[in-house]
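An overview of the molecular structure
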Amino acid sequence: IGLADSSFMGSGSERRYEDLCRNIISDMNKYGLSVVDDFLGVETGLKILNEVRSMYNAGAFHDGQLVQNPTPDVPSSAVRGDKIRGDKIKWVGGNEPGCSNVWYLTNQIDSVVYRVNTMKDNGILGNYHIRERTRAMVACYPGSGTHYVMHVDNPKKDGRVITAIYYLNINWDARESGGILRIRPTPGTTVADIEPKFDRLIFFWSDIRNPHEVQPAHRTRYAITVWYFDAKEREEALNRAKLENSKTNNVAAQVQAQQAEPDS
Ligand SMILES: O=C(O)CCC(=O)Nc1cc2ccccc2cn1
Ligand SMILES: [Mn+2]
């Protein structure tokens, strides 16, 4: 007999889904972060894990940190400590072959985010109008002490308001494997230490309210992240970028024009 499906998305009960969304709304308003365990259930979680493992083993991932900060005497790849991040990543749109389970996951997260964004009495979540997200970033920390330094996902209002991370690591024990996500919600003095447990989904505000780091991992650590945009903040960011581009293009065009003119 199959295990009674205790997951939120698998149990099919509308009531549990509403409760889940209410909890997320309450957590996001109180703490700026929310942790959901048993999101999809063991069976679905395993399908996603196996899909990610086969992507990784097919060598489809590349270094998260493209620009190494090499020290002249030692090539950058040799010195792991100097990296600001040790993850290997692969961006997944979802409709590529071999990504159907990652695609299913992002659809399930989408439905929760759009629901909590439109429910009544949803507090701060009601200030945003979430209509789109990034593609899914599948990340793997290959163990051996790889980490990610303290950082903010969206420090400059690029439009991203919610970070959603789904973890895939069965029987993760941070005491021996490390790999804790440490969020330092500001303002405040609390610290949230979150283990990257299998079938765990977390949400947190992407901006300066949530600086976070991944502590050194000593076992292969998989995570899938999607970022959700607020329509207004995103549009303003794109307009600023356009303005910047037109300025630099004008300067470039003027320089070119001067160069082109015959010596006066
Ligand atoms: O795996 C975790 O628990 C979180 C890891 C994490 O913060 N990843 C991450 C990855 C990023 C990749 C590109 C740009 C910004 C990024 C910000 N954060
Ligand atoms: Mn981050």
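Preceding this paragraph is the structure being described.
Residues numbered from 1 in each chain as written. Chains lettered and ligands numbered in written order. Predicted model: local features only at pLDDT ≥ 70, side-chain atom pairs only at ≥ 80, totals over all residues. Heavy atoms only, no water.

**Some words on the sheet that holds strand 11 (residues 212-217)**
Across the sheet, 4 strands lie side by side as 6-11-8-9; this open sheet has antiparallel pairing. Each end of this open sheet is capped by a strand with a single partner; those strands are strand 6 (146-151) and strand 9 (192-194). Each adjacent strand pair in this sheet contributes to an overall mean axis angle of 20°, direction not counted. Where strand 6 and strand 11 come together, 3 bridges link them in antiparallel fashion. Note that in strand 11 the partner of Thr146 across the bridge is Ala217. (Pairing = 2+ DSSP bridges. Helix = DSSP H or I, 4+ residues; strand = E, 2+ residues; numbered from the N terminus. Axes fitted to C-alpha atoms, helices over the stretch in contact; angles between N-to-C directions.)

**A word on unusual backbone geometry**
Cis geometry is adopted by the peptide bond preceding Pro187, which originates at Thr186 and carries an omega value of -5°. Considering the arrangement of structural elements, one finds Pro187 in the loop between strand 8 (181-183) and strand 9. Non-glycine residue Asn171 carries a positive phi angle of around 50°. Mapped onto the fold, Asn171 is located in the loop between strand 7 (160-167) and helix 4 (174-177). Residue class for Asn171 comes out exposed when judged on its relative accessible area of 71%. One non-glycine residue, Asp199, lies in positive phi territory at about 65°. You can see Asp199 is positioned in the loop between strand 9 and strand 10 (200-205). (Buried < 20%, exposed > 50% of the residue type's maximum accessible area, 1.4 Å probe, protein only.)

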